[in-house]
Amino acid sequence: QVQLVEAGGGLVQAGASLTLSCVASGRTFSMGWFRQAPGKERGFVAHISANGGATHYADSVKGRFTISRDNAKNAVYLQMNSLKPEDTAVYYCAARSRYFIGGYDRGYDYWGQGTQVTVSS
């Protein structure tokens, strides 16, 4: 069982930047970030392939957020720029334990505990 630990959340003003990190306790395949705003379902934010060569984003964050990973550190990052109040949510790191074909927003086996990001207007 792989444990995921997120860090880097906080309270920022609109337009600011924030970087989230997630460290895994073991090897993972592709990884992703999801978020859940109050009263809403958890939704897909970004995905990165096992070797970091391919990334995919939700339309709402495309051009503002960047996902990256450092496999030597078993870590994945989410660089968030030009933050908006609607980005306020609990952000979750997720990882797959195997290769998965069937969409970037599903098939994750491990989840972190979440980190709160609050963007004030």
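Above: the structure in question.
Read on for a plain summary of the structure. (Residues numbered from 1 in each chain as written. Predicted model: local features only at pLDDT ≥ 70, side-chain atom pairs only at ≥ 80, totals over all residues. Heavy atoms only, no water.)

Section: the pattern of salt bridges
Phase 1 of the analysis: Taken as a whole and assessed by the stated rule, the structure comprises five salt bridges.
Phase 2 of the analysis: In this structure, the salt-bridge partner of Arg-64 is Asp-87, at a minimum N-O distance of 2.8 Å. One end of the pair, Arg-64, is in the loop between β6 (55–57) and β7 (65–70); the other, Asp-87, is in the loop between β8 (75–80) and β9 (89–95), with 23 residues separating them in the sequence. Residues Arg-64 and Asp-87 agree in their burial class; the two are buried.
Phase 3 of the analysis: By sharing partners, the salt bridges in this structure join Arg-35, Arg-64 and Asp-87 into a single network. (Salt bridge = Lys/Arg side-chain N within 4 Å of Asp/Glu carboxyl O. Helix = DSSP H or I, 4+ residues; strand = E, 2+ residues; numbered from the N terminus. Buried < 20%, exposed > 50% of the residue type's maximum accessible area, 1.4 Å probe, protein only.)

Structural notes on the state of the cysteines
A disulfide bridge is the covalent bond that connects two cysteines by way of their sulfur atoms.
Phase 1 of the analysis: In the structure shown here, the tally under the stated rule is one disulfide.
Phase 2 of the analysis: The side chain of Cys-22 participates in a disulfide bridge whose partner is Cys-93; the two sulfur atoms lie 2.1 Å from each other. Residues Cys-22 and Cys-93 are joined by a disulfide whose S-S torsion is about -75 degrees; by sign, that bridge is left-handed. Within this pair, whereas Cys-22 is found in strand β3 (residues 18–24), its partner Cys-93 is found in strand β9, the two being separated by 71 residues in sequence. (Disulfide = S-S within 2.5 Å.)

Re the sheet that holds β8
In a beta sheet, neighbouring strands are held together by backbone hydrogen bonds and run either parallel or antiparallel to one another.
Phase 1 of the analysis: Spatially, the four strands line up as an open sheet ordered β1-β3-β8-β7, and their pairing is antiparallel. At either end of the open sheet lies a strand with only one pairing partner, and these are β1 (4–7) and β7. On average, each strand axis in the sheet is tilted by 15 degrees relative to the strand beside it, whichever way the strands run.
Phase 2 of the analysis: Relative to β3, β1 runs antiparallel, the two being bridged by four bridges. In the sheet register, Val-5 faces β3, and the bridge partner there is Val-23. (Pairing = 2+ DSSP bridges. Axes fitted to C-alpha atoms, helices over the stretch in contact; angles between N-to-C directions.)

Brief notes about unusual backbone geometry
Phase 1 of the analysis: Unlike most non-glycine residues, Asn-74 shows phi in positive territory, near 55 degrees.
Phase 2 of the analysis: The phi torsion at Ser-82 lies on the positive side, around 50 degrees, for a residue other than glycine.
Phase 3 of the analysis: Structurally, Ser-82 is set in the loop between β8 and β9.

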